[in-house]
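Spelled out, the chains give:
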Amino acid sequence: MVDREHVAGAEAAPEKVDQESQGGPPEDSASEESYDDEKSPSQAGDVEGFDRRNFENCEESQDIGNDQHEIGDRKAENRSEVLRKAGLAGPVAADLTDRIFQQDGHAYDNDRDASEHFNDNHVVFDEREHDCQRKQGDGSEKRVGGGGSQTRYEPRTLAFAQCPLDAHHADRPQWNGGQKSDNDSFQKNFKTHKSCVFTEISQLRPRNLSCKSNKYNLSLQNRKSEKMGKRILCLLLSVALFSIPWLGGTSLTLFVAFVPLLWIQSDVAAKTGRKGKPLRFWPYAVATFTLWWLATVWWVGFAAVIGVVAATVTGTVLMSGAFLIYHAVWRRAKRALAYTVLVSGWIAYEYLFLNGEISFPWLVLGNGFSMDVKLVQWYEYTGALGGSLWVLVVNLLVFEAWKRRREPVRWIAPAVALLLPAVVSLIMYATYEEPSERTKITVVQPNIDPYHEKFVLKQSEQNELLIGLMDQAPQDADLIVAPETAIDEYFWEEYLERTPSMLLFHDFIRQRKPGTMVVTGANTYVPYDSEETASPTARERGGQWYDVFNTALGLDSTEAIKIHHKGKLVIGAEMLPYYSVIRKWKFLFVDLGGLSGQIGYGKVREVFTAPGGVRAGPAICYEAVYGEYFTEFVRNGAQVMCVISNDGWWRDTPGHRYLFAYSRLRAVENRRSIARSANTGISGFIDQRGDVLQKLGWDQRGALTDSLSLNDRMTFYTRYGDVIGRVSSYVFVLGLLYFMAYRFRRKSHIVD
């Protein structure tokens, strides 16, 4: 039990503490002076040396420790009990929660939380109340707490750690203003009581520590190193939890992936460095998101290293920006506003990444459920951004529960937030029935290595291989689907019907599959009359301006050929961001664009109609990553979707596996069956619930045929797209405006 006789301010009345809690608004900087030195001595017994504004810096009901009556309880009805139990000066005891225990005290002694500091029996007193005169007239130094001198020197409040509470005041170590002392009595008392000054609340700078023990200094450095080690471990834990769903593991790790990073943020934000400035959080955020990107998109480097660099840099900047804005709001405003800014800002970043010029939305949080589609059947209403919202909300609730983890009731909210959407999704999955109308489709997988075979084999040999696989399709098949760029020739679209390869496939269809449409990939040219009429992505050769397109072709027994141009291009491999601007400086570059140069963009999502009347949307590779973009095929009338791809560029990595898995999410969002053909795998069929019906794995050659359900109904998501993304963008902007207004009003003392 604390000896109140030896603690400053123990006689302060509890009602004065309650009056103190109604003080003025807080300020930002921890280094601001607490009160004017002109304060009358009669007030010293209550608030001398106490920063009224700092006292209000803690949020309501913020506790230190597990007992509701321990130091730091912010409830007015419990505050007097806190003071009687702890035996500390009222305002000073309450202020320790935020100003010492959570800030500069941890800058040196930062391996323990505030509840452990309370158990160390800290002694807090007001220097002006007890003894503010540093030196007597004869030059000797007075001991802190040694008597009732009323001489005022400076307004300070001091805290000693690990000091025996039953020791006599005269035996306690003396304060020497942060300067070294040769006083033998001080050295003796320090060694005896193993005490150390934490800091001055009015300045909050760790350099004021007066501690000459090498052993203690070494202990402080060890504790700092240990704390830094914990942060690094939490950083790596967050990276691992984020990455697992994109490396073949469960998506459930996403629900706690933010928690270690949130702990780092709250831990860093509550402390100051050697110069009294807040510790920097941005290196932890940047490192976390950079490692996450590198751990999950490294395989893009097989096709274009610049693609990895562009995706990682852009993704890290946007993710870190969203989190650092949250960090800034967290330090200066209420927690609810900070969490709102984090959730809306993160989803706004994902929406921007889905629709921006620099676009590689591989790590949209909602895409992490591509292997667990049974949990997200409600994507037909929300799309993948609904999954992102789910992940963010559960992480925040888990973090809040973890901070009070010894209170079981705190875990109810995160449990409900996690289980309720999952249960709803499982019910939707079990009760969903596909329409009865069906179509028969064949997919072929030629398995031609793009690095060693595709550009060595003659196109005539590749055509023979394709026709041999297509011939395995049944006579009543409505569609035969071949991979992206399966016909590796460049055709001028105005002469397309007369090219040798097109004549060969037309003859095959007329003779062997007259009621079937073949959907295949090729490269095509579109010419322009002059530079003035050319598109921003057009090239020039020999005075001729033209565009190169990654194209899907629809061939049937008629001479007409249906054409769809790819509209979502891979950064680095197929396009250069802001090409229309950069091309003005093209004299500085040897080549603009990726490995194949800057190619043209398709502007319309075409739908192919087979001879039997089946309407199919021909998405090309990367287009299946974009949820809202994918819905345009369905809005244009597609009853079933075909996805053609050449994933051999990514080799046997997570890249080709998750490109297939993302098609499962698109099937759920639009309730459309999908037939997917990839050059080297994975080819297969996906039903409207996202289940894989059949598939050909990596490095296999063959053909598959299945019957898929047709659907004319449009889901909510198909009609309205990423509503959550648009709403979140508005909320984020409004949240920032509210925050700026809130800060202005607080600085103007308009609000508490």
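Up top is the structure.
Colleague: Would you mind going over the sheet that holds strand β15 (residues 683-686) with me for this structure?
Modeller: Strand pairing in a sheet relies on backbone hydrogen bonds, with the paired strands running either antiparallel or parallel. The strand order across the open sheet formed by 6 strands is β11-β12-β13-β14-β15-β16, and the pairing between neighbours is mixed. Two strands close off the open sheet at either side, each with one partner strand: β11 (608-609) and β16 (692-696). Here 3 bridges tie strand β14 (residues 674-678) to β15, and the two strands are oriented antiparallel to one another. For Ile 674, the partnering residue across the bridge sits in β15 and is Ile 686. On top of the sheet, helix α20 (residues 627-635) reaches β12 (615-620), β13 (640-645) and β14; it is set at about 155° to β12, its chief contact.

Colleague: I would appreciate a short explanation of the pairing of strand β6 (residues 487-492) in the present structure.
Modeller: Along any regular strand the residues' side chains alternate between the sheet's two faces. Where β6 lies against strand β7 (residues 517-528), 4 bridges are found, and the strand directions are parallel. Its bridge partner being in β7, Phe 491 is matched across the sheet by Thr 524. Tracing the backbone out of β6, into helix α18 (residues 500-512) and back to the parallel element β7 gives a crossover that is right-handed.

Colleague: Can you help me understand the nonpolar core in this one?
Modeller: In globular proteins that are soluble, nonpolar side chains generally tend to be buried together. If you look at the biggest cluster of nonpolar residues, it comprises 121 residues, and the most contacted ones within it are Phe 323, Trp 346 and Trp 362. Not counting chain neighbours up to four residues away, the residues in contact with Trp 362 comprise Trp 246, Thr 296, Val 297, Trp 299, Asn 367, Val 625, Gly 655, Tyr 658, Leu 659 and Tyr 662. In this structure, Leu 469, Met 470, Ala 477 and Val 518 belong to the second largest nonpolar core, which totals 22 residues.

Colleague: How should the packing of aromatic side chains be read in this particular structure?
Modeller: For any pair of aromatic rings, geometry is given as the distance between the ring centres together with the angle between the planes. For the coordinates displayed, the defined rule picks out 37 aromatic pairs. Aromatic side chains Trp 293 and Phe 360 sit 6.3 Å apart centroid to centroid with 45° between the ring planes, which places their arrangement in the tilted category. Note that Trp 293 is positioned in helix α11 (residues 282-297) and Phe 360 in the loop between α13 (335-355) and α14 (379-382), a separation of 67 residues in sequence. Each of the two residues, Trp 293 as well as Phe 360, counts as buried. On the basis of an interplanar angle of 70° and a centroid distance of 6.2 Å, the ring pair of Trp 298 and Phe 302 is categorised as edge-to-face. Given the relative accessible area of 38%, Trp 298 is considered partly exposed. Over the ring of Trp 402 we find Arg 405; its NZ or CZ atom is 4.3 Å from the centre of that ring. Across the ring face of Tyr 429, the terminal group of Arg 689 is positioned such that the distance to the ring centre comes to 4.1 Å.

Colleague: Could you clarify how one ought to interpret helix α17 (residues 459-470) in this entry?
Modeller: Owing to its 3.6 residues per turn, the α-helix aligns residues three or four sequence positions apart on the same side. For α17, which comprises 12 residues, the first-to-last C-alpha distance of 16 Å matches the rise-based estimate of 16 Å (1.5 Å per residue) to within 8%. Looking at α17, one finds that the buried residues are Gln 459, Gln 462, Asn 463, Leu 466, Ile 467, Leu 469 and Met 470. The arc that holds the buried residues of α17, viewed along the axis, is 160°, so those residues lie on one side. Where α17 is buried, its residues contact β4 (438-445), β5 (479-481), β6, α18, β7 and β17 (702-709).

Colleague: What should I look at first to understand unusual backbone geometry in this one?
Modeller: Excluding glycine, residues mostly have negative phi values, and the peptide bonds linking residues are mostly trans. With an omega dihedral of 10°, the bond running from Gly 681 to Ile 682 counts as a cis peptide bond. Secondary-structure assignment places Ile 682 in the loop between β14 and β15. Despite not being glycine, Thr 485 shows a phi value in the positive range, around 50°. Within the secondary structure, Thr 485 is located in the loop between β5 and β6. Using a relative accessible area of 12% as the deciding quantity, one classes Thr 485 as buried. Positive phi, close to 50°, is recorded for Arg 671, a residue that is not glycine. Topologically, Arg 671 is positioned in the loop between α21 (654-670) and β14. The class of Arg 671 is buried, set by a relative accessible area of 0%.

Here is what the cut-offs are and how they apply
Residues numbered from 1 in each chain as written. Predicted model: local features only at pLDDT ≥ 70, side-chain atom pairs only at ≥ 80, totals over all residues. Heavy atoms only, no water. Pairing = 2+ DSSP bridges. Helix = DSSP H or I, 4+ residues; strand = E, 2+ residues; numbered from the N terminus. Contact = heavy atoms within 4.5 Å. Axes fitted to C-alpha atoms, helices over the stretch in contact; angles between N-to-C directions. Right-handed = clockwise from strand over helix to strand, strands pointing away. Core = buried A, V, L, I, M, F, W, Y, C linked by side-chain atoms within 4.5 Å. Buried < 20%, exposed > 50% of the residue type's maximum accessible area, 1.4 Å probe, protein only. Phe/Tyr/Trp six-rings, centres within 6.5 Å; stacked < 30°, edge-to-face > 60°. Lys NZ or Arg CZ within 6 Å of the ring centre and 35° of its normal. Expected span 1.5 Å × (residues − 1). Arc of directions from axis to C-beta.

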